[in-house]
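The residues making up each chain are set out below.
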Amino acid sequence: MALLDRIRSYMDIPRLQQLALQLLATEPNLIPEDIGQKICASAHLYERCNISIKRTLWKQNISLFRQHILPLIHDYSNNRDLLYMSREVAGDSAREFTIRRRKNSALLGLSAAIGTDLRLYMQTLGVIRDLFLELNDPALGTLRLDLVMVMHENDIGKLVNDDVCYGLAWPLDACIIKQHMDEHQVQELQSYFDKFDNESMPYGELSLILSSPYARNILAQHVLSILEKIAPISAVSQRYKELTFPRAMLTMGLSARDLIQQDHPRLPKDSQLKTRAFFQSLLEHIEDSSKQPTKEDAIGGNAFSKEAAALFIFQFCEYAAAHCAIDPACVGTLEEQYNKLVSVSPRQAFKYQIARCNCPNASKFLVL
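Quick caveat, the model's predicted, so the values are computed rather than measured. Sequence positions are assigned chain by chain, starting from 1 and proceeding in written order. For this predicted model, a pLDDT threshold of at least 70 governs which residues receive local features, and a threshold of 80 or more governs which side-chain atom pairs are given and counted, while totals over whole chains, interfaces and linings are taken from all residues. Computation of side-chain values covers all heavy atoms of the structure but excludes hydrogens and water.

Asker: So what about empty space enclosed by the protein? Which residues, and what values?
Answerer: Put plainly, a pocket is an open set of points on a 1 Å grid over the protein atoms alone with protein on both sides within 12 Å along at least five of seven lines, a cavity is a set where a 1.4 Å probe fits but cannot get out, and a lining residue has an atom within 4 Å of a point. Grid points are joined across faces, edges and corners, and a volume is the space filled by probe spheres set on the points. Applying the stated criterion across every chain yields a total of one cavity of 30 Å³ or more. By volume, the largest cavity is sized at about 80 Å³. Y76, L82, S86, A139 and T142 are the residues nearest the centre of the largest cavity, which is lined by 11 residues in total. Within the residue set of the lining of the largest cavity, elements represented by two or more residues are α6 (62-77), α7 (80-86), α11 (139-153) and α16 (213-230). A run of H or I in DSSP becomes a helix once it reaches four residues, and a run of E becomes a strand once it reaches two; helices and strands are each numbered from the N terminus.

Take a look at the structure:
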């Protein structure tokens, strides 16, 4: 108490203020509110505080914490290099892109601000969620994934263990880095979801991570790989059920904004009959493309494009998420879009897919 009284007196003497701050830094969690308010009222004093003192001030004044992290979040979501990487997410670059994202200065700034403080971590997640509701920007889904994984890599167990998304983020991140998802990894993801019942499922939080272009792409690739296995024996295949869970995760990511807004979120349901008709149509394309294309076909764009098919699946799930059912007329429309997509290069088709992920209004600039 005597020390705090001395610190209070030092705060009013400019030449002793730095000493007062150094004393406070020895026990930052014990800073009383009156001293915290005095520091916050002076921009000069506030800027001279080290990060440990600022964390205490932020917990006393959450609006001050928001002021600190909002520019960092905006810097991350608007970073040109990160936006470029999110449009080139497939292939051998996935691991390199992940490393570069995790070293981004804005992300590291958020991590430094949070430290090991659970309250500040949860506040940061809340700000990211609020911004996503406002902007519907999938880059914020990638930030949500990156933030929990940075905490994991820094071995801050008391944060990640209280993050309901950690059990999803860790195995999903491994699939994204390796650009590979198989039946075993899907089962691992599904076992995490099985821990929740319909009432306790945190759809809003999970869907934010699944809204990331990186998550969407690896899920679409996996759906496509299942269809390729089904195609040769599509009439008698028992593997259709394998589509259910990855397609549900895709739909969850595409429905993220609605799921976060709902008080009692539920995944939109679509017609299984119409869904099967849609996939059957795509399977016919895959079966036809399994025949060795002629040189003319390849030049004309009739050869099967995995990237274009992944886009086709993506558009289907997007439509299902928006309309909850597939109108029979839509199947034909989507088939026409697919036929046009395979006539462009795989790179162009893939860029189109990711552009739609990152900009909800991108479709008006892209004509199929």
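Asker: Describe the nonpolar core, with residues and values.
Answerer: Within the largest apolar cluster, 88 residues are counted, with the highest numbers of intra-cluster contacts made by I39, I73, L147, L168, L172, F193 and L210. A per-element tally of this core places α16 first, with nine residues. We call a set of buried residues a nonpolar core when its members are Ala, Val, Leu, Ile, Met, Phe, Trp, Tyr or Cys and they connect through side-chain atoms within 4.5 Å of each other. Exposure classes here rest on a 1.4 Å probe applied to the protein chains alone. A residue is buried below 20% of its type maximum, exposed above 50%, and partly exposed in between.

Asker: Kindly report on the packing of aromatic side chains, identifying the contributing residues and their values.
Answerer: Only centres within 6.5 Å qualify two rings of Phe, Tyr or Trp (six-membered ring in Trp) as a pair; their planes then separate them into stacked at under 30 degrees, edge-to-face at over 60, and tilted for everything else. This model, assessed by the stated rule, comprises five aromatic pairs. Taking the centre distance of 5.4 Å and the plane angle of 80 degrees together, the rings of Y192 and F196 count as edge-to-face. Relative to F245, the ring of F193 lies with its centre 5.4 Å away and its plane at 80 degrees, an arrangement referred to as edge-to-face. Highlighted residues: F193 in helix α14 (residues 183-193) and F245 in helix α17 (residues 244-254), separated in sequence by 52 residues. Members of the aromatic cluster, each reached through a chain of ring pairs, are Y192, F193, F196 and F245. Comment: the charge-over-ring label is applied if NZ (Lys) or CZ (Arg) is within 6 Å of the ring centre and within 35 degrees of the ring normal. One Lys or Arg, K54, reaches over the ring of Y46 and ends 4.9 Å from the middle of that ring.

Asker: Quick rundown of the environment of T26? Include the residues and the values.
Answerer: Assignment of secondary structure puts T26 in helix α2 (residues 17-26). Accessibility expressed as a relative area gives 55% for T26, which makes it exposed. Each C-alpha atom of the pair T26 and S52 lies 9.1 Å from the other, and the pair is 26 residues apart in sequence. Here a polar contact means two N or O atoms within 3.5 Å. Within protein one must be a hydrogen donor candidate and the other an acceptor candidate, and residues neighboring in sequence count only if both atoms are side-chain atoms. Only 2.5 Å separates the side chain of T26 from the backbone oxygen of L23, close enough to count as a polar contact.

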